[in-house]
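The primary structure of each chain is shown beneath.
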Amino acid sequence: MRREALWDRLYLSGIDGRAAELARENGLGLEIAAFCYAPNLEDRTVVDAVRRDMAGVERFWFHAPFAELAPCAIDPLVRQAADMARDLGVRQLVIHGGFVPQVYFPEWYVEQSVLFWREFLRQLPPDMTIALENVMEPQPRLLVEIARQVDDPRLGL
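Here a ring pair, both rings aromatic, is described through the centre-centre distance and the interplanar angle of the planes. Following the criterion strictly, the structure yields 9 aromatic pairs and no others. An angle of 75° between the planes, with centres 6.4 Å apart, marks the rings of Y11 and W61 as edge-to-face. Note that Y11 is positioned in strand β1 (residues 11-13) and W61 in strand β3 (residues 60-63), a separation of 50 residues in sequence. A residue is classified by how much of its surface remains accessible, and Y11, at 26% relative accessible area, is partly exposed.

What follows is the structure, given as structure tokens:
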């Protein structure tokens, strides 16, 4: 792959305080990570700071909350993450799969996740993409199986 083609696929994580500045200076994308902590979804000062960071950057991924918040959870804030991304004009979201070892049986986790993602994707605009990110899954096959069964090009890994 040519360097130019790769450059257009690079994103800096907003966890670093200089990420937005560096993304602007180098023509890179930016991963908005301010909402990894779910209460920030409702904090206007955080939302305003994110909007300032987005100025002058052209490409984004929105990282949804992952601390105590997972697609299989009952908490509806995971759905609000997509609304926040849409409000910010971001069409790509990173969402953790939410597997918790010693709590979920892998088969149940896959089954429930497939049901969740099919419903969740129906509510999203057709141009919105989700990337499932692994954290505690013991192996990639769980997320691969979820993506295979959901069978929607907007859900990737």
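From this point, things continue past the structure.
Let us now look at the pattern of salt bridges. For the structure shown, the criterion picks out 6 salt bridges. With a shortest N-O distance of 4.0 Å, R44 and D48 are connected by a salt bridge. Separated by 4 residues within a single helix, R44 and D48 lie in helix α3 (residues 44-54), roughly one turn from each other. The class of D48 is partly exposed, set by a relative accessible area of 36%.

The subject of this paragraph is the packing of helix α5 (residues 106-122) against helix α6 (residues 141-150). Relative orientation of the contacting elements α5 and α6 amounts to 45°, with a least axis distance of 9 Å. Judged on the interaxial angle alone, α6 and α5 are oblique. Of the two possible hands of crossing, α5 and α6 adopt the one that is right-handed. Facing α5, whose interface residues are P106, Y109, V110, S113, V114, W117, R118 and L121, α6 presents L142, L143, E145, I146, Q149 and V150. Split by residue class, the contact of α5 with α6 holds 10 nonpolar, 2 polar and 2 charged.

Here is what the cut-offs are and how they apply
Residues numbered from 1 in each chain as written. Predicted model: local features only at pLDDT ≥ 70, side-chain atom pairs only at ≥ 80, totals over all residues. Heavy atoms only, no water. Phe/Tyr/Trp six-rings, centres within 6.5 Å; stacked < 30°, edge-to-face > 60°. Helix = DSSP H or I, 4+ residues; strand = E, 2+ residues; numbered from the N terminus. Buried < 20%, exposed > 50% of the residue type's maximum accessible area, 1.4 Å probe, protein only. Salt bridge = Lys/Arg side-chain N within 4 Å of Asp/Glu carboxyl O. Axes fitted to C-alpha atoms, helices over the stretch in contact; angles between N-to-C directions. Parallel < 35°, antiparallel > 145°, perpendicular 65-115°, else oblique. Left-handed = near helix turned anticlockwise from the far one by under 90°. Contact = heavy atoms within 4.5 Å. Nonpolar A, V, L, I, M, F, W, Y, C, P; charged D, E, K, R; others polar.

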